[in-house]
Amino acid sequence: MCNIAPGASPNRTVSFHRRIDHYLARTARKLDAVLPSADERPERLHDAMRYAVFNGGKRVRPLLVYATGECLGIDEALLDGPAAAIELIHAFSLVHDDLPAMDDDDLRRGKPTVHRQYDEATAILAADALQPLAFSVLADIEAPPDVRVRLVRLLADACGSIGMTGGQAIDLASEGRTLSAPDLEHMYALKTGALIHASVVSVGLLKPDLPEDAANALDRFARTVGVAFQIRDDILDIEGETEVIGKPAGSDAGLRKATYPGQFGIVDARRRCDELLADAFRELAPLDGHAESLRWLARYIVERAF
Ligand code: GRG
């Protein structure tokens, strides 16, 4: 087992899910602080940015940041910046994902998508503004300059052509096609996994003395969970109800998307999720008892109902 100091977060004697509200409140406060007020000009743009960020959302990525922080014993105040930055990138990606040129969705989180609530140009601009805001937040965190540069690089790679955007390009190019299981999982690892990976690995960067085996364990854990997250998402698209998942059920089939359950069936998709969860748990072994929060979140990710 590697040597990691116990976490300095509140109420560590109770299960992680009892601390979630605390972390959601921290995330909301930080996002509210960094987003321009809707009264500030240009008001409509700022209003749309706030709508994109505050119209619901489970905040899984910020929770992964705080859970990893618990695991590594990092002061939670230092985690607010990375948690908010990653959520801003996530919000921006969803606005783009819903646009007519992408998935053309009217509903997100049970509410009109940003281009439906405002208009297409405002949605594009709101997303365009959320992305640089994320990097500005990272540039301001209370860490040595070299750590901030590494964080910016990690997030830039995670959302660029070797990360989320590349995954989205493969996803769009795969409509109507059949992919092998490894190719599907590669697409998932980029489209969805890259940001989930960054949520965990960014916290490791805040601890320069992190032992290599712990850093490698977190890296592999995050990659595994990222793929499981997208398979679960695809299962929910088939099995979920629109009112529960907050977006039109069955839209992947409508768009002839290449998905794991679409190609291999729900049973195999569930089996693959369980396999990935077991792998993820195994990866956490070097972190031993410090990783209870990450184990809780990984299970939540593969069992969630929306
Ligand atoms: C130009 C960098 C750039 C990005 C645009 C549109 C796009 C490229 C990428 C989209 C990637 C994407 C939307 C992947 C899907 C990930 C996914 C499963 C999102 C849903 O995440 P949840 O369930 O959402 O965490 P909530 O609503 O809870 O926040």
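J.: Explanation requested: the overall build of the protein chain in the structure shown.
T.: The secondary structure content of the protein chain amounts to 15 helices and two strands. Relative to a compact globule of 306 residues, whose C-alpha radius of gyration would be 19 Å, the protein chain shows 19 Å and is just as compact. Taken over the C-alpha atoms alone, the protein chain extends approximately 50 × 50 × 35 Å along its principal axes. Counting the 306 residues in the protein chain, one finds 53% classified as buried.

J.: Honestly, the nonpolar core in this entry has me stumped. Any pointers?
T.: As a rule of thumb, nonpolar side chains are buried together in soluble globular proteins. Of all hydrophobic cores here, the largest spans 92 residues; its most connected members are Leu88, Ile89, Leu130, Leu155 and Ile231. If near-sequence neighbours (up to four positions away) are discounted, Ile231 is found in contact with Glu185, Tyr188, Tyr260, Ala269, Arg272, Cys273 and Leu276.

J.: Any chance you could explain the site of the ligand here in plain terms?
T.: Taken together, 20 residues form the shell around the ligand, and within it Lys58, Arg61, His90, Arg109 and Thr165 come nearest. Interatomic distance of 2.7 Å between a side-chain N/O atom of Arg61 and an oxygen atom of the ligand. A distance of 2.7 Å is found between an oxygen atom of the ligand and a side-chain nitrogen or oxygen belonging to Arg109. Isolated, the ligand exposes 750 Å² of accessible area, and the fraction of that covered by the protein chains is 91%. The set of elements that each furnish at least two residues to the shell around the ligand consists of α4 (76-98), α8 (164-173), α9 (181-205) and α10 (212-239). Among the elements that take part in the shell around the ligand, α4 stands out by supplying six residues, more than any other. Residue composition of the shell around the ligand, grouped by class: five nonpolar, eight polar and seven charged.

J.: Before we go on, may I ask you to explain the packing of aromatic side chains in this structure?
T.: Remark: the centre distance and the inter-plane angle together describe each pair of aromatic rings, the angle taken between the planes. Considering all chains together, one arrives at six aromatic pairs under this definition. Ring centres 4.7 Å apart and planes at 10° place the aromatic pair Tyr23 and Tyr66 in the stacked group. Of this pair, Tyr23 sits in helix α1 (residues 20-34) while Tyr66 sits in helix α3 (residues 60-72), and the two are 43 residues apart along the sequence. The same class applies to Tyr23 and to Tyr66, which are both buried.

J.: Any chance you could explain the confidence of the model for the protein chain here in plain terms?
T.: The predicted structure's coordinates, where accompanied by low pLDDT, should not be read in detail. With 95% of its residues at a pLDDT of at least 70, the protein chain reaches an overall mean of 94. Here residues 1-10 scores under 50 on pLDDT; set against residues more than four positions off or in separate chains, the count is 30 contacts.

J.: What exactly am I supposed to notice about the pattern of salt bridges here?
T.: Working definition: two side chains of opposite charge can pair if their charged atoms are close together. Taken as a whole and assessed by the stated rule, the structure comprises 25 salt bridges. Between Arg50 and Asp32 there is a salt bridge whose closest N-O contact spans 2.8 Å. Of this pair, Arg50 sits in helix α2 (residues 43-54) while Asp32 sits in helix α1, and the two are 18 residues apart along the sequence. Residue Arg50 is classed as buried on the basis of its relative accessible area, which comes to 16%. As a salt-bridge pair, Lys257 and Asp171 come within 2.5 Å of each other at their nearest N and O atoms. Highlighted residues: Lys257 in the loop between α12 (251-254) and α13 (260-264) and Asp171 in helix α8, separated in sequence by 86 residues. One network of salt bridges, with partners in common, ties together Asp103, Asp171, Glu175, Lys191 and Lys257.

J.: Explain the side chain of Lys207 here, please?
T.: Within the secondary structure layout, Lys207 lies in the loop between α9 and α10. The buried charged residue Lys207 lacks any salt bridge, with Asp209 as its nearest oppositely charged partner at 4.3 Å. A polar contact is formed between the side chain of Lys207 and the backbone oxygen of Leu72, at a distance of 3.2 Å.

J.: Can you walk me through the side chain of Thr68 in this structure?
T.: By the element assignment, Thr68 lies in helix α3. The buried category is assigned to Thr68, whose relative accessible area is 0%.

J.: Mind showing me how you'd approach α4 here?
T.: An α-helix turns once every 3.6 residues. As a result, residues three or four positions apart point the same way. With 23 residues, α4 ought to run about 33 Å at 1.5 Å a step, and its terminal C-alpha atoms sit 33 Å apart, in line with that. Counting buried positions along α4 gives 20 out of 23 residues, so the element sits mostly inside the fold. For α4, the side-chain oxygen to backbone nitrogen distance between the N-cap and Ala77 is 3.1 Å, and the N-cap itself is Asp75.

J.: Honestly, the environment of Ala217 in this entry has me stumped. Any pointers?
T.: By the secondary structure assignment, Ala217 is in helix α10. When its relative accessible area of 0% is taken as the criterion, Ala217 is described as buried. Counting along the chain gives 70 residues from Ala217 to Leu287, while the straight-line C-alpha distance between them is 7.7 Å. If near-sequence neighbours (up to four positions away) are discounted, Ala217 is found in contact with Glu283, Pro286 and Leu287.

About the cut-offs
- Residues numbered from 1 in each chain as written.
- Predicted model: local features only at pLDDT ≥ 70, side-chain atom pairs only at ≥ 80, totals over all residues.
- Heavy atoms only, no water.
- Helix = DSSP H or I, 4+ residues; strand = E, 2+ residues; numbered from the N terminus.
- Rg over C-alpha atoms; globule rule 2.2 N^0.38 Å.
- Buried < 20%, exposed > 50% of the residue type's maximum accessible area, 1.4 Å probe, protein only.
- Core = buried A, V, L, I, M, F, W, Y, C linked by side-chain atoms within 4.5 Å.
- Contact = heavy atoms within 4.5 Å.
- Near = heavy atom within 4 Å.
- Polar contact = N/O pair within 3.5 Å; in protein donor to acceptor, adjacent residues only side chain to side chain.
- Areas by Shrake-Rupley, 256 points an atom, 1.4 Å probe, with all protein chains shown as cover.
- Nonpolar A, V, L, I, M, F, W, Y, C, P; charged D, E, K, R; others polar.
- Phe/Tyr/Trp six-rings, centres within 6.5 Å; stacked < 30°, edge-to-face > 60°.
- pLDDT = per-residue confidence, 0-100.
- Salt bridge = Lys/Arg side-chain N within 4 Å of Asp/Glu carboxyl O.
- Lys, Arg positive; Asp, Glu negative; His and termini not counted.
- Expected span 1.5 Å × (residues − 1).

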